[in-house]
Amino acid sequence: MSVDKIKSVCWVTIRTTQARWEAELMQQILAAHEIPARVLDIGLGVYCGQGSQAALQVRSQDRWTALLLLSPLEEEN
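Rules and cut-offs
Residues numbered from 1 in each chain as written. Predicted model: local features only at pLDDT ≥ 70, side-chain atom pairs only at ≥ 80, totals over all residues. Heavy atoms only, no water. Axes fitted to C-alpha atoms, helices over the stretch in contact; angles between N-to-C directions. Helix = DSSP H or I, 4+ residues; strand = E, 2+ residues; numbered from the N terminus. Parallel < 35°, antiparallel > 145°, perpendicular 65-115°, else oblique. Left-handed = near helix turned anticlockwise from the far one by under 90°. Contact = heavy atoms within 4.5 Å. Phe/Tyr/Trp six-rings, centres within 6.5 Å; stacked < 30°, edge-to-face > 60°. Lys NZ or Arg CZ within 6 Å of the ring centre and 35° of its normal. Buried < 20%, exposed > 50% of the residue type's maximum accessible area, 1.4 Å probe, protein only. Patch = residues over 30% accessible without salt bridge, like charges linked within 9 Å, V, L, I, M, F, W, Y side chains within 5 Å. Areas by Shrake-Rupley, 256 points an atom, 1.4 Å probe, with all protein chains shown as cover. Salt bridge = Lys/Arg side-chain N within 4 Å of Asp/Glu carboxyl O. Pairing = 2+ DSSP bridges.

Going by an unreviewed UniProt entry, the protein carries the name DUF2007 domain-containing protein and comes from Gloeothece verrucosa.

A. Representation of the packing of helix H1 (residues 20-32) against helix H3 (residues 63-70). Remark: H1 packs on H3, axes separated minimally by 10 Å, with the N-to-C direction vectors making an angle of 115°. Taken as axis vectors, H1 and H3 run roughly perpendicular relative to one another. You can see that H1 and H3 cross each other, and the crossing is right-handed. Side by side, H1 and H3 meet where Met26, Ile29 and Leu30 of the first sit next to Ala66, Leu69 and Leu70 of the second.

B. Highlighting the packing of aromatic side chains. Applying the stated criterion across every chain yields a total of zero aromatic pairs. Over the face of the ring belonging to Trp64 we find Arg63, whose NZ or CZ atom lies 4.8 Å from the ring centre.

C. Layout of the side chain of Asp62. For Asp62, the location among the structural elements is in the loop between strand E3 (53-59) and H3. On the basis of relative accessibility, which here comes to 12%, the residue Asp62 falls in the buried class. Those residues in contact with Asp62 that sit more than four places away from it in its chain are Ile35 and Pro36.

D. Up close: a nonpolar patch on the surface. On the surface, a nonpolar cluster with roughly 330 Å² of combined accessible area is contributed by Trp21, Leu25 and Ile29. Along the chain, Leu25 falls in helix H1.

E. Spotlight on the sheet that holds strand E2 (residues 37-42). The strand order across the open sheet formed by three strands is E1-E3-E2, and the pairing between neighbours is antiparallel. Two strands bound the open sheet, and with one partner strand each, they are strand E1 (11-17) and E2. In this sheet, adjacent strand axes meet at a mean angle of 30° when their direction is disregarded. Where E1 lies against E3, six bridges are found, and the strand directions are antiparallel. Residue pairing across strands places Trp11 opposite Arg59, the latter belonging to E3. Contacts from H1 reach E1, E2 and E3 within the one sheet, and its direction differs from that of E2 by about 170°. Along the sheet, H3 makes contact with E1 and E3, crossing E1 at roughly 20°.

Encoded structure:
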């Protein structure tokens with residue numbers, strides 16, 4: 001396989017959460033907009049039975065779109 005056919009993907013963390021379910025919910029929101037995302041378990045809590053902290057990652061080219069989709073709505077005054 002030639003080098004130009006191999007595409008490396010650079011993943012960036014856009015959110016960390018105290019609960020894996022929260023990261024999975026954000027992942028589903030992004031999937032609905034066809035933005036690939038992955039959830040990674042982080043922290044020692046995973047290994048010590050203290051809960052499952054997680055990080056949500058997206059491809060670097062999707063970073064700003066994902067952040068906008070997951071940001072809170074602005075309230076009008």
